[in-house]
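Structural overview for review
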Amino acid sequence: MIILFKKVFIYPVCPVCGCEDESACHLFINCRFAQDCWRSAGIAFVSYAGTKVVDWVKSWLVVADKESACVISMVCWHIWSNRNSIVWSEKRLEVLDVLNMAGCQLTAWRKARESNPAKDNVNLVREDGRLKWVRPAEGVLKVNVDASCRNDGRSIGVGITVRNSSGVLVQARAVNFLGNHDPRVAKIMGIREALSWVKTDQRVVVESDAMEVVLAIRNSGVAETDLLVLDCVELAKQFINLRFVFVRRSANQPAHVLAQFARSLSGHQDWFNHYPGFLTAVVAMDLI
């Protein structure tokens, strides 16, 4: 308002979409770019018919769990940062960039707030915390793995997908392990199974949504480490170049649905072509 009073011209149209006059509500809710962000992030409760951003924030804080509220807050920050980048630097981000930057910053923020001295030397990598799956570089295979415990505690299901730089499935495995295991052990068993099963001379990135497990494997020499983690460290040595990355569940969906499917198996099932429809449908969503 002060700028307007001094007769400084302000272009009123939203610099992000160029479709409507800019306002806070428009930028975070009604702008097509913002709507694409919320839709891609799988967040369905951000719609709002009012005109006050404060009331909108209160509306989703009521229904969102703690994790979702943190994600929404970080996405809002990066929608705002993208807007400023367009205005001041004429640099525009894609939806995928905004979401993954939000997820990575949230992970880094939480790590910075930790008060555990044993983890002070445990460092994050740039990709940690991504919200959306990203194609690997040329010549790299991306292995996503997840584990799911049965409600009755009788077994766990492990899902593994391997995709190339085009985002195309190369192979997939669903395997059931008998026994009552806690979620952390189940996640480590899943990673160990993936490292034992995948055979390649290409570079490999292994992604899991178990942050504690990924950091334990990546920093096995920093703190006390259990035998399952050490198994993964030793198995990783058979690959020419392998990295472990933490991603959020939303970036690990194909492995997740495969792990749930594996809970009903007796043994394992491998695919190298003719993948099941429920898997290809989820994989396709990652490429949109």
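Structure shown above.
Worth saying up front: this structure is predicted, and the values here are computed from it rather than measured. (Residues numbered from 1 in each chain as written. Predicted model: local features only at pLDDT ≥ 70, side-chain atom pairs only at ≥ 80, totals over all residues. Heavy atoms only, no water.)

**Things to note about the pattern of salt bridges**
Our working rule: Salt bridge, as used here, is a side-chain nitrogen of Lys or Arg placed within 4 Å of a carboxyl oxygen of Asp or Glu. To qualify as a helix, a DSSP run of H or I must reach at least 4 residues; to qualify as a strand, a run of E must reach at least 2; elements of each kind are numbered from the N terminus. Under the scheme applied here, a residue whose accessible area is under 20% of the maximum for its type counts as buried, over 50% as exposed, and between as partly exposed, the area being computed with a 1.4 Å probe on protein chains only.
Following the criterion strictly, the structure yields 20 salt bridges and no others. When the shortest N-O distance is used, the salt bridge between E207 and K142 registers 2.9 Å. Of this pair, E207 sits in strand 4 (residues 203-208) while K142 sits in strand 1 (residues 140-149), placing them 65 residues apart in sequence. For the residue pair E207 and K142, the accessibility class agrees, reading buried in each case. Notably, a salt bridge pairs K187 with D146, separated by 2.4 Å at the nearest N-O pair. With a gap of 41 residues between them, K187 in helix 7 (residues 183-197) and D146 in strand 1 connect regions that are remote in the sequence. Connected through salt bridges with shared partners, the residues D146, K187, D209 and R249 form a single ionic network.

**Some details on helix 11 (residues 277-286)**
Inclusion rule: To obtain the arc, one takes the directions from the helix axis to the C-beta atoms. We call two residues in contact whenever any of their non-hydrogen atoms come within 4.5 Å of each other.
Buried within helix 11 we find L279, V282, V283 and D286. Viewed end-on, helix 11 has its buried residues packed into an arc of 100°, placing them on one side of the element. Turning to helix 11, the residues buried within the fold contact strand 2 (155-163), strand 3 (169-178) and helix 10 (253-262).

**A short note on the side chain of R163**
The following threshold applies: Polar contacts, as counted here, are pairs of nitrogen or oxygen atoms within 3.5 Å of one another; within protein the pair requires one atom able to donate a hydrogen and one able to accept it, and residues that are adjacent in sequence qualify only if both atoms are side-chain atoms.
The residue R163 is located in strand 2 in this model. For R163, a relative accessible area of 0% corresponds to the buried category. Here D286 takes part through its side chain, which lies 3.0 Å from a polar atom of the side chain of R163. When near neighbours in sequence (up to four residues on either side) are disregarded, R163 contacts W133, P136, V140, L141, K142, N144, V168, L169, V170, P254, V283 and D286.

**A few points about the side chain of R248**
Here R248 shows up in the loop between strand 5 (242-246) and helix 10. For R248, the side chain forms a polar contact with the side chain of T107, separated by 2.9 Å.

**Things to note about unusual backbone geometry**
Its identity as a non-glycine residue notwithstanding, E90 has a phi of 55°, on the positive side. Relative to the elements of secondary structure, E90 occurs in the loop between helix 5 (66-89) and helix 6 (95-113). At H274, a residue that is not glycine, the phi angle is positive and equals roughly 50°. Residue position: H274 is located in the loop between strand 6 (268-271) and helix 11.

**Structural notes on the packing of aromatic side chains**
Selection criterion: Only rings of Phe, Tyr and Trp enter the pairing, Trp through its six-membered ring, and a pair is recorded when the two centres are within 6.5 Å. The plane angle decides the type: under 30 degrees is stacked, over 60 is edge-to-face, the rest tilted. By the criterion adopted, a ring carries a charge over it if an Arg CZ or a Lys NZ lies within 6 Å of its centre and within 35 degrees of its normal.
Applying the stated rule across the entire model yields six aromatic pairs. On the basis of an interplanar angle of 75° and a centroid distance of 5.8 Å, the ring pair of W56 and W60 is categorised as edge-to-face. Linking W56 with W60, this pair stays in helix 4 (residues 53-63), spanning four residues, or about one helical turn. Each member of the pair W56 and W60 is classed as buried. Positioned above the aromatic ring of W133 is the side chain of K142, whose terminal nitrogen or guanidinium carbon lies 5.4 Å from the ring centre.

**Describing the environment of S59**
Among the secondary structure elements, S59 is positioned in helix 4. Classification of S59 by relative accessible area gives partly exposed; the value is 30%. Sequence separation between S59 and S47 is 12 residues; the distance between their C-alpha atoms is 9.3 Å. Here W56 takes part through its backbone oxygen, which lies 2.5 Å from a polar atom of the side chain of S59.

**As for the sheet that holds strand 1**
Basically, it comes down to this: Whether two strands pair depends on DSSP finding at least two bridges between them. Axis angles are defined between N-to-C directions and span 0 to 180 degrees, where every axis is a line fitted to C-alpha atoms and, for a helix, only to the segment in contact.
Overall, mixed pairing links the six strands, which are arranged 5-4-1-2-3-6 in an open sheet. For this open sheet the edge positions go to strand 5 and strand 6, each flanked by a neighbour on one side alone. On average, each strand axis in the sheet is tilted by 15° relative to the strand beside it, whichever way the strands run. Pairing of strand 3 with strand 6, which is carried by four bridges, proceeds in the antiparallel orientation. Residue pairing for strand 6: A172 is matched across the bridge by W271.

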